[in-house]
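Report on the structure
Here is how the chains run, residue by residue.
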Amino acid sequence: MEIKVFGPGCAKCRATYAAIGKVVSECGLDVTLTKEEDIMELLDCGIMTTPAVMVDGVVRIKGYVPSESEIRKLLGV
């Protein structure tokens, strides 16, 4: 599974990346987690609000920091 967190480096973007990293680590998932801060990449993916989370090429969350329970549900754990 590939997860990308999109955002310019703001506090909410960092919090989203950290929360997803925590859930992935706790659950022992085989996930590639990356953070994308390039504005042109965000626009190319149609992302206008951040933070945004893309899972396997599909934007699943935009504009807010997801809770750990929402992240678990998103990842199927």
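Residues numbered from 1 in each chain as written. Predicted model: local features only at pLDDT ≥ 70, side-chain atom pairs only at ≥ 80, totals over all residues. Heavy atoms only, no water.

**Section: the sheet that holds strand β4 (residues 58–62)**
- Spatially, 4 strands are ordered β2-β1-β3-β4 in an open sheet, and the strand pairing comes out mixed. Sheet topology places β2 (32–36) and β4 at the edges, where each strand pairs with a single neighbour. Direction aside, the axes of adjacent strands within the sheet are offset by 20° on average.
- Inspection of the sheet shows strand β1 (residues 2–6) paired to strand β3 (residues 52–55) by 4 bridges, in the antiparallel sense. (Pairing = 2+ DSSP bridges. Helix = DSSP H or I, 4+ residues; strand = E, 2+ residues; numbered from the N terminus. Axes fitted to C-alpha atoms, helices over the stretch in contact; angles between N-to-C directions.)

**Section: unusual backbone geometry**
- With an omega of 0°, the peptide bond running from threonine 50 to proline 51 counts as cis.
- With respect to the helices, strands and loops of the structure, proline 51 is situated in the loop between α2 (39–44) and β3.
- Positioned with a positive phi, aspartate 56 is a non-glycine residue whose angle comes to about 50°.
- With respect to the element layout, aspartate 56 can be found in the loop between β3 and β4.

**Some remarks on a nonpolar patch on the surface**
- Together, Ile39, Met40, Leu43 and Met48 line one region of the surface with nonpolar side chains, adding up to about 440 Å² of accessible area.
- Within the secondary structure, isoleucine 39 sits in helix α2.
- Owing to a relative accessible area of 47%, isoleucine 39 belongs among the partly exposed residues under this scheme. (Patch = residues over 30% accessible without salt bridge, like charges linked within 9 Å, V, L, I, M, F, W, Y side chains within 5 Å. Areas by Shrake-Rupley, 256 points an atom, 1.4 Å probe, with all protein chains shown as cover. Salt bridge = Lys/Arg side-chain N within 4 Å of Asp/Glu carboxyl O. Buried < 20%, exposed > 50% of the residue type's maximum accessible area, 1.4 Å probe, protein only.)

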